[in-house]
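Descriptive structure summary
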Amino acid sequence: MEEEKKTACECGEECHCDAATCTCENEEHVCRENEKKHKKEKKNSKDKEMILKLEEEKKTLEEKMRYVQAELINYRKRKEEETANMLKYANQDLILELIGVIDNFERAIKLDDNDLTDELSKFLAGFKMIYATLTDILRKYGVEEISRAGEIFDPALEEALMTDSVDDREEDEVLEVLLKGYKLKDRVIRPASVKVNKK
């Protein structure tokens, strides 16, 4: 019986094929070199998949981070705006209380007939001084009167309590200011109560 020829594969594995160079296709013999190549290719393929997956995760996390940063910036801006508004209009309630006092001073001052000899006029002279001081203080803190007699009615600044029909005046003209309105800086804190012309 003829002895089977043994040759050495490039990988060093002994095989039983007839060829001088190993071209082993024998199912029993799997070349280690090919196995190593196959394992390496498989590993490279898995590595590439992992890299792609990690890059996708990185991209998703970067997008989330940008979104969170934008949210944080918006939140900070809103908070700063709220704080600025709180500080800007912090005195509003106190000013509204003082405006009620000023209304009373104005009603009292209207009683004066400018006859400085009578007792009432002498008494009201002190009222006028206090009234002037109060209005100066309010102006210093950004309070402005809304008193627009003769101008066209503006619902953002005024409240129409009465109407009248006067032929020689324009439609929607403010005929009379019944109660002054006030603005604190750029905010209307009390609209003026007015009589408006309606034809």
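Quick note: structure is the one above.
Scope of this entry: the structure provided in the associated data block. Keep in mind it's a predicted model, so treat the numbers as computed, not measured. (Residues numbered from 1 in each chain as written. Predicted model: local features only at pLDDT ≥ 70, side-chain atom pairs only at ≥ 80, totals over all residues. Heavy atoms only, no water.)

Things to note about the overall build of the protein
Scanning the protein from terminus to terminus reveals three helices and eight strands. What you see in the protein, going N to C, is helices and strands ordered as β-β-α-α-α-β-β-β-β-β-β. Here the protein holds 199 residues, and the buried ones make up 23% of them. Residue pairs at least 24 apart in sequence account for 54% of intrachain contacts in the protein once pairs closer than 6 positions are excluded. Total accessible area computed for the protein in this model is approximately 15,600 Å², and 53% of it derives from carbon and sulfur atoms. (Helix = DSSP H or I, 4+ residues; strand = E, 2+ residues; numbered from the N terminus. Buried < 20%, exposed > 50% of the residue type's maximum accessible area, 1.4 Å probe, protein only. Contact = heavy atoms within 4.5 Å. Areas by Shrake-Rupley, 256 points an atom, 1.4 Å probe, with all protein chains shown as cover.)

Thoughts on helix 3 (residues 119-140)
Helix length check: helix 3, at 22 residues, gives a terminal C-alpha distance of 33 Å against a target of 32 Å (1.5 Å per residue), a fit within 8%. Taken together, the buried positions of helix 3 are S121, L124, Y131, L134, T135 and L138. Trailing helix 3 by a residue or two, G142 shows a phi angle of about 85 degrees, which is positive. (Expected span 1.5 Å × (residues − 1).)

Considering helix 2 (residues 92-109)
Its 18 residues place the ends of helix 2 25 Å apart at the C-alpha level, agreeing with the 26 Å of an ideal helix rising 1.5 Å per residue. Among the residues of helix 2, those classed as buried are Q92, I95, I99, I102, D103, F105, E106, A108 and I109. Of the surrounding secondary structure, the elements contacted by the buried residues of helix 2 are helix 3, strand 3 (143-146), strand 5 (174-179), strand 6 (181-184) and strand 7 (187-190).

Focus: the sheet that holds strand 7
Judged by pairing direction, the sheet is antiparallel, and its three strands sit side by side in the order 3-6-7 without closing on themselves. The strands lining the two open edges of the sheet, one partner per strand, are strand 3 and strand 7. Sheet twist, expressed as the average angle between the axes of neighbouring strands with direction ignored, equals 35 degrees. The pairing of strand 6 with strand 7 spans three bridges and is antiparallel. Bridging across to strand 7, L184 finds its partner in R187. (Pairing = 2+ DSSP bridges. Axes fitted to C-alpha atoms, helices over the stretch in contact; angles between N-to-C directions.)

Let's talk about the sheet that holds strand 5
Reading across the sheet, the three strands line up as 4-8-5 and stay open at both edges, with mixed pairing between neighbours. Where the open sheet ends on each side, the last strands, each with one partner, are strand 4 (158-164) and strand 5. In this sheet, adjacent strand axes meet at a mean angle of 30 degrees when their direction is disregarded. The pairing of strand 4 with strand 8 (residues 192-197) spans six bridges and is classified as parallel. Residue pairing across strands places E158 opposite A192, the latter belonging to strand 8.

Some remarks on the pairing of strand 8
For strand 8, the buried fraction is high: six of the six residues fall into the buried class. Where burial is concerned, the two faces of strand 8 agree: the one with A192, V194 and V196 and the one with S193, K195 and N197 are both buried. In this sheet, strand 8 lies alongside strand 5 in antiparallel orientation, the contact comprising four bridges. Residue pairing in the sheet places E176 in a bridge with K195 of strand 8.

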